[in-house]
Amino acid sequence: MTKPAPTPLYNEFTFFLKKYFPYKVQKISLNAGFTCPNRDGTKGLGGCTYCNNQTFNPEYCKTEKSVTRQLEEGKQFFAHKYPDMKYLAYFQAYTNTYAELEGLKRKYEEALSVDGVVGLVIGTRPDCMPDPLLRYLEELNKHTFLLVEYGIETTWDVTLKRINRGHTYADTVETVNRTAACGILTGGHVILGLPGETDDEIIAQAAELSRLPLTTLKMHQLQLIRGTKMAREFECRPEDFHLFSVDEYIDLVIDYVEHLRPDLILERFVSQSPKELLIAPDWGLKNYEFTARVQKRMKESCLSGKGIPGLEKKNYFCEANELRVTSCKLRGTVGYCCYSYPVAKLN
């Protein structure tokens, strides 16, 4: 008998991409010079209270550079690791559907014309997807890989108002449903730990989001960033904030994941802002180090017997003159977490 393949703890974005591409792909972030309706006065001024786009813009992302130049410099940055890598153009900074249609088409199609670019990821807001643009993206989706990623941030309208998003959760529900109905891969982004939200309210979001036809989900901890309105708010009312320790946040993430639809693709759990901009929390961990800790804690929870009693699968196999059993226990809605141990010696 052959040893069974280990069961993933959750659906990882890396494995999701392998369904679409036989080679390694890397997202290259772009700043295409857009703004947001809660920055330019259409729905407000100042933008989201937590936002400083410098926290996630690589050095090559400058609005004075063309989309092509940003992509070429991004390719140079990654090519030394994987010379045969292909790329997804990631329109990330601000709201990347907030412009007139013809201008958007030119930017998207310029990105797709760059050698080695095999698809688009478009970050935007749920109140910035007009029907003519959606029809265009529906057609584009027939010819290239396309993922539209919506900044949901929270399901609670009182929080959305507090952080100056300028849209409601009802906008998210309507737009995510419209997008997915067009056959377009649809992603979401949430921030865990926004001011005023309790742990129970955060966990409740997971079940609410699971009702949406999302394919992927990103989450990360609230970070206080220098120069933002939220940083000033924290100075005045620190009691409104709970900044998680790393262990507290790991526990929250695992609880959150257990309440999510198990087929959701989870792209990340954490974000890492530049130290010169970050006020708190500063855990001193890189994203992959944090993810490794989450996965370790998930496995430990299974091994300690936590999970739903009675739901267990066993597979037997032979290895190195031993009869071994792989025991898989159901951990919430995450999936079966597996470990193996010997049960008998074979002659």
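See the structure shown above.
Quantities reported herein were computed from a predicted structural model and do not represent experimental measurements. (Residues numbered from 1 in each chain as written. Predicted model: local features only at pLDDT ≥ 70, side-chain atom pairs only at ≥ 80, totals over all residues. Heavy atoms only, no water.)

## Digging into the overall build of the protein
If you tally the helices and strands in the protein, you get 10 helices and 13 strands. Out of the 347 residues belonging to the protein, those deemed buried represent 49%. Nonlocal contacts in the protein, meaning residues at least 24 apart in sequence, comprise 76% of its contacts between residues at least 6 apart. Counting only carbon and sulfur atoms, one obtains 52% of the accessible surface of the protein, whose full area is about 16,700 Å². (Helix = DSSP H or I, 4+ residues; strand = E, 2+ residues; numbered from the N terminus. Buried < 20%, exposed > 50% of the residue type's maximum accessible area, 1.4 Å probe, protein only. Contact = heavy atoms within 4.5 Å. Areas by Shrake-Rupley, 256 points an atom, 1.4 Å probe, with all protein chains shown as cover.)

## Observations regarding the nonpolar core
With 63 residues, the main nonpolar core has Phe 91, Leu 137, Met 219 and Tyr 256 as its most contacted residues. A per-element tally of this core places helix 9 (residues 246–258) first, with eight residues. The contact partners of Met 219, leaving out residues within four places of it in the chain, are Val 190, Leu 192, Tyr 249, Tyr 256, Val 257, Leu 260, Leu 266, Arg 268, Phe 269 and Val 270. Grouped together as the second largest cluster of nonpolar side chains are 13 residues, Leu 17, Phe 21, Phe 145 and Ile 265 included. (Core = buried A, V, L, I, M, F, W, Y, C linked by side-chain atoms within 4.5 Å.)

## Concerning the side chain of Asn 52
As for its position among the elements, Asn 52 is in the loop between strand 2 (25–30) and helix 2 (67–79). Engagement of the side chain of Asn 52 in a polar contact is seen with the backbone oxygen of Arg 226, the distance being 3.4 Å. Setting aside residues no more than four positions away along its own chain, Asn 52 makes contact with Ile 225, Arg 226, Thr 228 and Leu 277. (Polar contact = N/O pair within 3.5 Å; in protein donor to acceptor, adjacent residues only side chain to side chain.)

## Some thoughts on the packing of aromatic side chains
Throughout the structure, instances matching the rule amount to 14 aromatic pairs. Taking the centre distance of 5.1 Å and the plane angle of 75° together, the rings of Tyr 10 and Phe 269 count as edge-to-face. You can see Tyr 10 sitting in the segment before strand 1 (11–12) and its partner Phe 269 sitting in the loop between strand 9 (265–268) and strand 10 (278–280), a full 259 residues away along the chain. On the basis of an interplanar angle of 75° and a centroid distance of 5.3 Å, the ring pair of Tyr 20 and Phe 145 is categorised as edge-to-face. In this pair, Tyr 20 sits in the loop between helix 1 (13–18) and strand 2 while Phe 145 sits in strand 5 (residues 145–153), placing the two residues 125 residues apart along the sequence. Assessed through its relative accessible area of 7%, Phe 145 is described here as buried. Site record: aromatic cluster; members linked through ring pairs are Phe 13, Phe 16, Tyr 20, Phe 21, Tyr 23 and Phe 145. (Phe/Tyr/Trp six-rings, centres within 6.5 Å; stacked < 30°, edge-to-face > 60°.)

## What about a negative patch on the surface?
Judged by side-chain charge, Asp 199, Asp 200, Glu 248 and Asp 255 come together as a negatively charged surface patch. Among the elements of the structure, helix 7 (199–209) and helix 9 are those that each provide at least two residues to the negative patch. By the element assignment, Asp 200 lies in helix 7. (Patch = residues over 30% accessible without salt bridge, like charges linked within 9 Å, V, L, I, M, F, W, Y side chains within 5 Å. Salt bridge = Lys/Arg side-chain N within 4 Å of Asp/Glu carboxyl O. Lys, Arg positive; Asp, Glu negative; His and termini not counted. Charge placed at Lys NZ, Arg CZ, Asp CG, Glu CD.)

## Some remarks on the pairing of strand 6 (residues 185–192)
Within a regular beta strand, the side chains point alternately toward one face of the sheet and then the other, so they alternate between its two faces. Counting buried positions along strand 6 gives eight out of eight residues, so the element sits mostly inside the fold. Both faces of strand 6 are covered, namely the face carrying Leu 185, Gly 187, His 189 and Ile 191 and the face carrying Thr 186, Gly 188, Val 190 and Leu 192. Across six bridges, the pairing between strand 5 and strand 6 is parallel. Across the sheet, Gly 151 pairs through a bridge with His 189, a residue of strand 6. Bridge analysis of strand 6 against strand 7 (residues 216–221) gives six bridges, and the strand direction is parallel. Across the sheet, Ile 191 pairs through a bridge with His 220, a residue of strand 7. Handedness of the strand 6-helix 7-strand 7 crossover: right-handed. (Pairing = 2+ DSSP bridges. Right-handed = clockwise from strand over helix to strand, strands pointing away.)

## What about the sheet that holds strand 1?
Spatial strand order, 1-9-7-6-5-4-3-2: eight strands in an open sheet with parallel pairing. The sheet is open, and its two edges are formed by strand 1 and strand 2, each paired on a single side.

## Describing unusual backbone geometry
For the peptide bond that leads from Ala 280 to Pro 281, omega is -10°, which places it in the cis range. Position of Pro 281 relative to the elements: it lies in the loop between strand 10 and helix 10 (287–303). Look at Tyr 94: it is not a glycine, yet its phi comes out positive at around 60°. Residue classification places Tyr 94 among the partly exposed residues on the basis of a relative accessible area of 26%. Phi at Asn 164 takes a positive value of approximately 65°, unusual for a residue other than glycine. Tracing the chain through its elements places Asn 164 in the loop between helix 5 (157–162) and helix 6 (169–181). For Asn 164, a relative accessible area of 22% gives the class partly exposed.

Any functional reading would require information that these geometric values do not contain.
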